[in-house]
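# Coordinates in review
So you can see what is in the structure, the chains are spelled out below.
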Amino acid sequence: MAFVLTTVVPGDPAVANLGDRASSDPTAVRLYREHFGLDKPLPVQYFVYLGNLLHGDLGESEQSRRAVCIDLAGYIPATAELAITSMVLALLLGVTLGVIAALRRNRLTDQVIRVVSLGGMSTPQFWLALVALYVFFYKLNWVPGAGRLDAIVLPPPHVTGLFSIDALAAGQLDVFLNTVQHLILPACVLAAFNMGLFTRFTRSAVLEVLENDYVRTARAKGLPEATVVFRHVLRAASPPIVTVVGLAFGNVMTGTVLVENIFSWPGIGQYSYRSATGLDLTAIVGVMLFVAIVYILVNMVVDILYAVIDPRVGLA
Amino acid sequence: MVGLVVVAAWLLVALLAPWLAPHDPLAQGSNLYQAPSATHLLGTDELGRDVFSRVLWGARISIPLAMLLVVLAFLIGGTLGGLAGYLGGWVDELVMRGADFVFAVPTILLAMAVVAALGPGLFHAVLAVVLVSWPGHARVVRGLVRTIMQSEYVAVGRLLGSPTHRALAVDVLPNIAGPVSVLAALETGNAILLLSALSFLGLGARPPDPEWGSMVSTGAQHFEAWWIGVFPGIAIVSIVLAFNFLGDSLRDAFDPKTIIKARGA
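Residues numbered from 1 in each chain as written. Chains lettered and ligands numbered in written order. Predicted model: local features only at pLDDT ≥ 70, side-chain atom pairs only at ≥ 80, totals over all residues.

### Digging into the overall build of chain B
- Counting its regular elements, chain B contains 10 helices and zero strands.
- Mapped from its N terminus to its C terminus, chain B presents α and β elements in the order α-α-α-α-α-α-α-α-α-α.
- Judged by the C-alpha coordinates and their principal axes, chain B covers about 75 × 50 × 30 Å.
- The buried share of chain B, reckoned over its 265 residues, is 49%.
- Contacts in chain B between residues far apart in sequence, at least 24 positions, make up 67% of those at least 6 positions apart. (Helix = DSSP H or I, 4+ residues; strand = E, 2+ residues; numbered from the N terminus. Buried ≥ 20, exposed ≤ 12 C-beta atoms within 10 Å, placed from the backbone. Contact = placed C-beta atoms within 7 Å.)

### Quick look at the environment of Y153(B)
- Within the secondary structure, Y153(B) sits in helix α6 (residues 152-159).
- Classification of Y153(B) as exposed rests on a count of 12 C-beta atoms within 10 Å.

### Here's the deal with unusual backbone geometry
Residue and element names in this part refer to chain A.
- Notably, N106 is not glycine yet its phi reads approximately 65°, a positive angle.
- Tracing the chain through its elements places N106 in the loop between α6 (68-103) and α7 (108-122).
- Residue class for N106 comes out exposed when judged on the 9 C-beta atoms lying within 10 Å of it.
- The phi dihedral of S264 falls on the positive side, at around 45°, and the residue is not glycine.
- Along the chain, S264 falls in the loop between α12 (225-262) and α13 (268-277).

### Regarding the interface of chain B and chain A
- At the interface, 33 residues of chain B touch 34 residues of chain A.
- Elements that contribute at least two residues to the side of chain B that touches chain A include exactly α3 (89-104), α4 (107-118), α7 (164-200), α8 (212-220) and α9 (227-254) of chain B.
- It is α9(B) that provides the largest number of residues to the side of chain B that touches chain A, a total of nine residues.
- Grouping the constituent residues of the side of chain B that touches chain A by class yields 25 nonpolar, eight polar and no charged. (Nonpolar A, V, L, I, M, F, W, Y, C, P; charged D, E, K, R; others polar.)

### What about the packing of α6(A) against α13(A)?
Residue and element names in this part refer to chain A.
- Between α6 and α13, the least distance of the axes is 8 Å, while the angle of their chain directions is 135°. Of the possible angle classes, the one that applies to α6 and α13 is oblique. Where α6 approaches α13, its residues D71, L72, Y75, I76 and T79 are matched on the opposing element by I268, G269 and Y271.
- Residue composition of the contact of α6 with α13, grouped by class: five nonpolar, two polar and one charged. (Axes fitted to C-alpha atoms, helices over the stretch in contact; angles between N-to-C directions. Parallel < 35°, antiparallel > 145°, perpendicular 65-115°, else oblique.)

### Some words on the confidence of the model for chain A
Residues and elements named next belong to chain A.
- The predicted model of chain A averages 78 in pLDDT, with 78% of residues at 70 or higher.
- Of all secondary-structure elements in chain A, the lowest mean pLDDT belongs to helix α2 (residues 13-18), at 45, while α7 reaches the highest, 90.
- Segment residues 1-24 is flagged for pLDDT under 50; beyond a separation of four residues in sequence, or across chains, it makes 43 contacts in the model. (pLDDT = per-residue confidence, 0-100.)

### Here's the deal with helix α8 (residues 125-139) of chain A
- Helix length check: α8(A), at 15 residues, gives a terminal C-alpha distance of 20 Å against a target of 21 Å (1.5 Å per residue), a fit within 8%.
- Along α8(A), the largest kink reaches about 25° and is centred on L133(A).
- Along α8(A), the residues that are buried comprise Q125(A), F126(A), W127(A), L128(A), A129(A), L130(A) and L133(A).
- Structurally, α8(A) contributes buried residues whose contacts are with α10 (173-210) and α12 of chain A together with α7, α8 and α9 of chain B.
- Note on α8(A): the residue one or two positions beyond its end, N141(A), has a positive phi of about 60°. (Expected span 1.5 Å × (residues − 1). Bend = angle between axes of the 7 residues up to and from the residue.)

### Concerning the packing of α8(A) against α10(A)
Residue and element names in this part refer to chain A.
- Look at α8 against α10: their axes get within 10 Å of each other, and the N-to-C directions meet at 145°. Read as a crossing pair, α8 and α10 show a hand that is right-handed. Of α10, the residues touching α8 (which contributes Q125, L128, A129, A132 and F136) are L185, V189, A192 and F193.
- Here the residues of the contact of α8 with α10 sort into eight nonpolar, one polar and no charged. (Left-handed = near helix turned anticlockwise from the far one by under 90°.)

Take a look at the structure:
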């Protein structure tokens, strides 16, 4: 489906990538088409693509002239570092706020949290990113600007590609700190939307659990409130929250396209944007396939977690 | 209530922008990069255009387009979802697998691919957003139709000999109206976000148009004149937040559980 979508288009990638040369030099266009197999009929192109896909070949990017797989491998760690950090932030904040809101139901705290969480889900991420850059970088100069590291800092030796972990593993504390400084602002911006999502789902899940008799019993036994919340309530409320994590992954990927562009973060968000504007169809389809596979994997993990948390759900 | 008031206010602004706006949103002046003042409430941009007037005119682009595309997405998604829920079988399979595919790819990636394929422009951006948002409607309508068709009152109606189209019109339609209106409010907010994001990336509205997303993108290139990008952003936040609040109150109104709780039962 992704293939059909991107091949049946009026835009001619040969013209887009060769620019002025396309109109002045017809041989260049012909050679270009032959190189990428664009001169063959569509069904042939499709089966060639499928065949390559079977052994993990996503084709060659028309812009960077490298295999899409190699391009992706270079950009994935940057996005992974950003996405994971933002997910952790969003989960921590969202679940905490959600629990507080549920315990203070219909009071002022609840109302304030409701506005904050809805606000997080209503703010365009590109705008939030710019405002954050303006305030914390341009005005206050608390954080460094764009990129993953300062220009003078060398990246740590490549192990995982996640700079923070690589730097720690190599014992380079200064590089680690620099990475974190660069990471914190885009991660927070990216977390805003999902924070709101987690808060709302946690609140309603916790509210439902709080109505149960066993919570009243636990309280009547004189258990400290913290024990009641963490042992009895949060555990029973976690399945719906875990389910949202799968959903939230899609939001993070959408967010990275915008946030990576603004923070010049060399990840797949920026790669896909450049591919889209350059009509680099192979690259776009490659990114879409990769993200879809990760999405399915994430949701599989969520389903498994679901069974671990809730013994009533079988793995079958 | 707050949501409804703000949405209504923005709709009025969209309707009356030509009379409300103090300046022509496209007229370039000699006063470039002016900070907010009495003559230019929200300042002027890099071409000396009045930011306040442009923000007001922006309502005429984003809000009607978002509503139009939610209607389109509902017509497509609702019909497909309704058919899937009613007919079941391979129709159901086909529609839901299509929906799964769209769900598996992040909205903006798919929308970007569509816009890149068709060429940038506001109309193509709207098409792209419709393409990525129909599955949400399809899923909701399918679920509702399935539950309602299995309910006892539909079975009773059938026993009494009423034809299927009567069951659909009398039993099913009124019962899906509530949840669908909740979804429509929330989706309108999301549609505004996605449309403005595409415009921000330069794939939607083109520069001279006073579209909020592309205005923020202009602001990004002129950091020292913060008012160029900040105010259109606030406009987006306020309208999307209002639609989300509206959706929330509609949900409370339609959900029988909350009604019982409100009565103290």
